[in-house]
Amino acid sequence: MQLSWVKYSQEVVEFLNVDTLRKIDYGILDLSRIRNPELREVLIFFEELLSLELKVNYLENDTGLFRVRAVEGGYLYNEFGYEVEADSISELKEMVLAEDRIWYVFDEISACRHLGGSYP
C-alpha cells in the first residue's frame, strides 16, 4: 500500500505535536484506535520517524532539548533543515514556538545541567 501523505495532510499536521512526541517517549502512543487502515499506516510512518529522531537525540544531544544543540555563541534548533539560532534557550524557545514547531524537553536533568540551573 502506498502512503497517502497528501490525502491525510491535515491529520498528519495534527499528529505532529509535542503531545504525540511525549506519548512516543513514554511508550504509550496507541494508534490501534484509528479505524482507517490507510490513515493508520501514514501515522505509523511518522511515529517511526519521530521515534528514530528521539532515539538519536537521546544518544547525541547533551542539551536535553529535542532538536536543540549548543553551537558557538548560542543554540540551534534543527528540524530537517529548518533551522533557528538564538543566543539563549529562552529566546530560542520563543522563536520555535512562534513558528508552531515542536518544543520538547526529553531529559530535564540534562537540560538543567547543561544550562547551569533550572530549565526556563
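Coordinates for the structure precede this section.
This text gives an overview of the structure that appears in the document.

Reading guide: rules and limits
- Residues numbered from 1 in each chain as written.
- Predicted model: local features only at pLDDT ≥ 70, side-chain atom pairs only at ≥ 80, totals over all residues.
- Heavy atoms only, no water.
- Helix = DSSP H or I, 4+ residues; strand = E, 2+ residues; numbered from the N terminus.
- Contact = heavy atoms within 4.5 Å.
- Pairing = 2+ DSSP bridges.
- Axes fitted to C-alpha atoms, helices over the stretch in contact; angles between N-to-C directions.
- Phe/Tyr/Trp six-rings, centres within 6.5 Å; stacked < 30°, edge-to-face > 60°.
- Buried < 20%, exposed > 50% of the residue type's maximum accessible area, 1.4 Å probe, protein only.
- Polar contact = N/O pair within 3.5 Å; in protein donor to acceptor, adjacent residues only side chain to side chain.

A few points about the environment of Phe106
With respect to the element layout, Phe106 can be found in the loop between α4 (89–98) and α5 (108–115). Put simply, Phe106 and Tyr77 are 29 residues apart on the chain and 14 Å apart in space, counted from C-alpha to C-alpha. Ignoring any residue separated from it by four or fewer positions in sequence, one finds Phe106 in contact with Asp25, Leu54, Asn57, Tyr58, Asn61, Gly64, Leu65 and Phe66.

A short note on the sheet that holds strand β2 (residues 74–79)
Spatially, three strands are ordered β1-β2-β3 in an open sheet, and the strand pairing comes out antiparallel. Two strands bound the open sheet, and with one partner strand each, they are β1 (68–71) and β3 (82–86). Averaged over neighbouring strand pairs, the angle between their axes works out to 25° when direction is ignored. Bridge count for β2 against β3 is five bridges, and the pairing is antiparallel. Along β3, the bridge assignment pairs Leu76 with Glu85.

Describing the packing of aromatic side chains
Following the criterion strictly, the structure yields three aromatic pairs and no others. Both rings, one in Tyr58 and one in Phe106, keep their centres 4.8 Å apart while their planes meet at 65°; by these two values the pair is edge-to-face. Of this pair, Tyr58 sits in helix α3 (residues 37–60) while Phe106 sits in the loop between α4 and α5; the two residues are 48 residues apart in sequence, bridging distant segments of the chain. For Phe106, a relative accessible area of 8% corresponds to the buried category. Their ring planes at 20° and their centres at 6.5 Å tell us that Tyr77 and Trp103 sit as a pair that is stacked.

Some remarks on the side chain of Thr20
Note that Thr20 resides in helix α2 (residues 18–26). Classification of Thr20 as buried rests on a relative accessible area of 7%. Here Phe15 takes part through its backbone oxygen, which lies 2.5 Å from a polar atom of the side chain of Thr20. Ignoring any residue separated from it by four or fewer positions in sequence, one finds Thr20 in contact with Phe15, Leu29 and Leu50.

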